[in-house]
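Okay, here's what each chain looks like letter by letter:
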Amino acid sequence: MKIVLIEPRGSEANVYSKISMPLLGPVYLGTILKNRGHEVEIYNENIQAPDYARLNADVIGISILTSTAKRGYEIAKKFPKEKVVIGGVHASLLPAEAIEFARQVVVGEAEDVIIDVVEGRRLEPIVYGKPVEDLDALPHPDFSLIKGFPTAPTVVPVSTSRGCPFDCSFCSVTKMFGREYRFRSAQDIIVEMRSRNTKQFFFCDDNFTAHPKRTRILLGQMIKNKLSNWACQVRCDVAKDRELLDMMARAGCKVVCVGFESVNPMTLAAYRKKQTIEEIVGAIRSFHKRKIKIHGMFVLGGEDDNKNTVWETLRFAIKERIDTIQMMILTPLPGTKVYETLEAQKRIFTKDWNLYDGQHVVFNPNLLSAKELQQSVTRAYTKFYSLYRSLSLLLGFHYRNAMFRFMGYVIIKQWIRRNQSMRWLAQVA
Ligand code: B12
Ligand code: SF4
């Protein structure tokens, strides 16, 4: 059979719009289907969109996040419904919505059911996939299935674990992958990394160091195999384990993406983040001491955040010299605690999923208006990613940071141009 898998493009220029990193789900599923003998093509619209008028296949699989769901449904409507199967995080959280556009929706991890769904042995409209227990049993994702995927060395995503033992109120990871932390053996990961035509990796695990013992084993193997140019996502608490941090630095960790989330202790508690401001500051200093750059992620708009919180966050990021930052606006993603609460209080004013990308206010905040939150976050971004800051970094020979600040400057300018009317806020006070 011919199977086409599609990852829809994001709806707006966001901080990541220039990074064409594919989600691994479609690549894992495509690889399984190819190994089964099917003809598989994967299109990531950010890399290369298909010519829809000519596209023909027996099954069209579409992978949707909340922010790409609308585009995913638009794509689905281009094909006869009986050919379309939808999966991904958003479809898993709202299958009743996605089934309107497809013959079947797969909820959760789909590796164990995808062959039966495609070959017609599973016929129920909503199919429940089981969490993969033995991640080593999965094939290594075959990126050559993605049309237009660069053949020259590029940053390649690697998934070494699934699930996260924490349960932050705004995050949909545990709803999708559960709280049980499952991980691959170091040996299997090293074989995959060595097979790639690159030396740059992004570990897209949500919490790369959740199981320090296994991380140590993996890092030891990476040092041995000289696999030394990578970024990962971690929590602040990793910084308490100095030995592990030293190992990360020795193994070539260049950037950590850290969910700092807030500089307001009340907000941190409400997010159920289980971390303190002191831990955040300690973590920043420990990473920098080891020359590991930091991409700090903040979520603004919690119940205890006011107008000052945004500026306090900006001042904190500048004072602590965080290399790059992402100021996400709290987004009630379906399935999360935040969604439940705001929905019950009737404070969500739009369900236009295109706006659910962390850059648009879609609910009425508690201590400031939606417009005030939107404007202050946009202004704070403009200050952090200013031309002035980019130039001063350049003059101080901090080339990488200067380049990222400049990229941020361009993206934010574009974003402001597209969104300056703030038309989606017209309906709220
Ligand atoms: C890498 C990553 C990124 C990368 C690349 C993402 C991309 N191409 O979209 C970057 C950094 C650019 C990014 C950006 C964003 N991200 Co992101 N990202 C991830 C991360 C960490 C890993 C993705 C991954 O490869 N997962 C592993 C694979 C195996 O899982 P999977 O793709 O979901 O696939 C499985 C199932 O979903 C299902 N499935 C998937 N597709 C299909 C298709 C069919 C047909 C079927 C049957 C089944 C199926 O089966 C697969 C195998 O089990 C996830 C967290 C996570 N654990 O998934 C967040 C995550 C996907 N991101 C998230 C968000 C919110 C964003 C942003 C909106 C916000 C932001 N951070 O700026 C942007 C939006 C980008 C966009 N596309 O518009 C949320 C999405 C939540 C939601 N409800 O939609 C997640 C879940 C994190 C979270 N904290 O909740 N992200
Ligand atoms: S925000 Fe990070 S630590 Fe919290 S549940 Fe999500 S993945 Fe885990």
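Since we're looking at a predicted model, the values are computed, not measured.

I tried to follow the overall build of the protein on my own but got confused; where do I start?
Summing up its helical and strand segments, the protein has 16 helices and 14 strands in all. Compactness check: the protein gives a C-alpha radius of gyration of 21 Å against a globular reference of 22 Å for 429 residues, within 12% of the reference. Judged by the C-alpha coordinates and their principal axes, the protein covers about 60 × 55 × 35 Å. Each of the 429 residues in the protein was classed as buried or not, and the buried ones make up 55%. Pairs at least 24 residues apart make up 70% of the contacts formed inside the protein by residues separated by at least 6 positions. Here the protein has roughly 19300 Å² of accessible surface; of this, 54% comes from carbon and sulfur atoms. In the protein, which carries 61 positive and 45 negative side-chain charges, the distance between the mean positions of the two groups comes to 7 Å.

Before we go on, may I ask you to explain the environment of Lys-291 in this structure?
You can see Lys-291 is positioned in the loop between helix H11 (277-289) and strand S13 (293-300). A residue is classified by how much of its surface remains accessible, and Lys-291, at 72% relative accessible area, is exposed.

Looking at this structure, I do not really get the site of ligand 2. What am I missing?
Around ligand 2 lies a shell formed by Cys-164, Phe-166, Asp-167, Cys-168, Cys-171, Asp-206, Arg-235 and Lys-273. Its residues placed into classes, the shell around ligand 2 shows 4 nonpolar, no polar and 4 charged.

Before we go on, may I ask you to explain the domain arrangement of the protein in this structure?
Interfaces are often described in size by the accessible area the parts lose on coming together. Taken domain by domain, the protein consists of domain 1 (2-128) and domain 2 (152-425). The partner domain 2 presents 33 residues to the 26 residues of domain 1 that form the contact. Counting the surface lost from both domain 1 and domain 2, the interface buries some 2600 Å², and carbon and sulfur atoms represent 61% of this. Run the count over domain 1 and domain 2 and you get 4 salt bridges. In this structure, Arg-182 engages Glu-109 in a salt bridge whose closest nitrogen and oxygen atoms are separated by 2.7 Å.

Would you mind going over the sheet that holds strand S1 (residues 2-7) with me for this structure?
The pairing of strands in a sheet happens through backbone hydrogen bonds and is either parallel or antiparallel. Sheet architecture is open: 6 strands sit in the order S2-S1-S3-S4-S5-S6, paired in parallel fashion. Pairing within the sheet leaves two strands with one partner each, and these edge strands are strand S2 (39-44) and strand S6 (126-128). When strand polarity is set aside, the average angle formed by the axes of neighbouring strands in this sheet is 20 degrees. Where S1 and strand S3 (residues 59-63) come together, 4 bridges link them in parallel fashion. Residue Leu-5 lies in a different strand from S3, and its bridge partner there is Gly-61. Contacts from helix H1 (residues 24-35) reach S1, S2 and S3, with the element oriented near 165 degrees to S2.

Before we go on, may I ask you to explain the site of ligand 1 in this structure?
Near ligand 1 there are 40 residues, and of these Glu-7, Met-21, Thr-66, Glu-111 and Asp-206 occur at the shortest range. Residue Thr-66 places a main-chain N or O atom 2.7 Å away from an oxygen atom belonging to ligand 1. In the model, a nitrogen atom of ligand 1 is placed 2.5 Å from a nitrogen or oxygen of the Asp-206 side chain. If you list the elements that add at least two residues to the shell around ligand 1, you get H1, S3, strand S4 (84-87), helix H6 (173-177) and strand S14 (324-329). Broken down by class, the residue content of the shell around ligand 1 amounts to 20 nonpolar, 14 polar and 6 charged. Each of domain 1 (2-128) and domain 2 (152-425) contributes no fewer than three residues to the shell around ligand 1.

What's the story with helix H13 (residues 337-344) in this structure? I'm lost.
For an α-helix, the turn length of 3.6 residues means that residues three or four places apart are oriented alike. Buried residues of H13: Val-338, Tyr-339 and Leu-342, and no others. The buried residues of H13 occupy an angular sector of 95 degrees when projected down its axis, which confines them to one face. Within two residues after H13, Lys-346 carries a phi angle of roughly 55 degrees, on the positive side.

Please clarify how the side chain of Thr-209 should be interpreted in this entry.
Its location among the elements puts Thr-209 in the loop between strand S10 (201-203) and helix H8 (212-224). If we ignore the near neighbours within four places in the chain, the residues touching Thr-209 are Tyr-181, Thr-215, Val-234, Val-238, Leu-244 and Met-248.

Would you mind showing me how to read unusual backbone geometry here?
Note: most peptide bonds trans; most residues except glycine with negative phi. Backbone geometry places Lys-274, a non-glycine residue, at a positive phi of 55 degrees. When you line up the elements, Lys-274 lands in the loop between helix H10 (265-270) and H11. For Lys-291, which is not a glycine, the phi torsion comes out positive at approximately 60 degrees.

Can you walk me through the pairing of S2 in this structure?
Side-chain positions along a regular strand alternate between the two faces of the sheet. Among the 6 residues in S2, 5 count as buried, and that is most of the element. Pairing of S1 with S2 involves 6 bridges; the strand directions are parallel. When the sheet's bridge partners are listed, Leu-5 is paired in S2 with Ile-42.

Help me understand the sheet that holds strand S12 (residues 253-261), please; the structure alone is not making it clear to me.
The 6 strands are arranged S7-S10-S11-S12-S13-S14 in an open sheet whose pairing can be described as parallel. Strands with a single pairing partner mark the edges of an open sheet, and in this sheet they are strand S7 (156-158) and S14. Taken over all neighbouring pairs, the strand axes of this sheet differ in orientation by 20 degrees on average, direction set aside. In the sheet, strand S11 (residues 230-234) pairs with S12 via 5 bridges, with the strands oriented parallel. Its bridge partner being in S12, Ala-231 is matched across the sheet by Val-255.

What counts as what
- Residues numbered from 1 in each chain as written.
- Chains lettered and ligands numbered in written order.
- Predicted model: local features only at pLDDT ≥ 70, side-chain atom pairs only at ≥ 80, totals over all residues.
- Heavy atoms only, no water.
- Helix = DSSP H or I, 4+ residues; strand = E, 2+ residues; numbered from the N terminus.
- Rg over C-alpha atoms; globule rule 2.2 N^0.38 Å.
- Buried < 20%, exposed > 50% of the residue type's maximum accessible area, 1.4 Å probe, protein only.
- Contact = heavy atoms within 4.5 Å.
- Areas by Shrake-Rupley, 256 points an atom, 1.4 Å probe, with all protein chains shown as cover.
- Lys, Arg positive; Asp, Glu negative; His and termini not counted.
- Charge placed at Lys NZ, Arg CZ, Asp CG, Glu CD.
- Near = heavy atom within 4 Å.
- Nonpolar A, V, L, I, M, F, W, Y, C, P; charged D, E, K, R; others polar.
- Domains from an automatic or database assignment.
- Buried area = accessible area lost by both parts, 1.4 Å probe.
- Salt bridge = Lys/Arg side-chain N within 4 Å of Asp/Glu carboxyl O.
- Pairing = 2+ DSSP bridges.
- Axes fitted to C-alpha atoms, helices over the stretch in contact; angles between N-to-C directions.
- Polar contact = N/O pair within 3.5 Å; in protein donor to acceptor, adjacent residues only side chain to side chain.
- Arc of directions from axis to C-beta.

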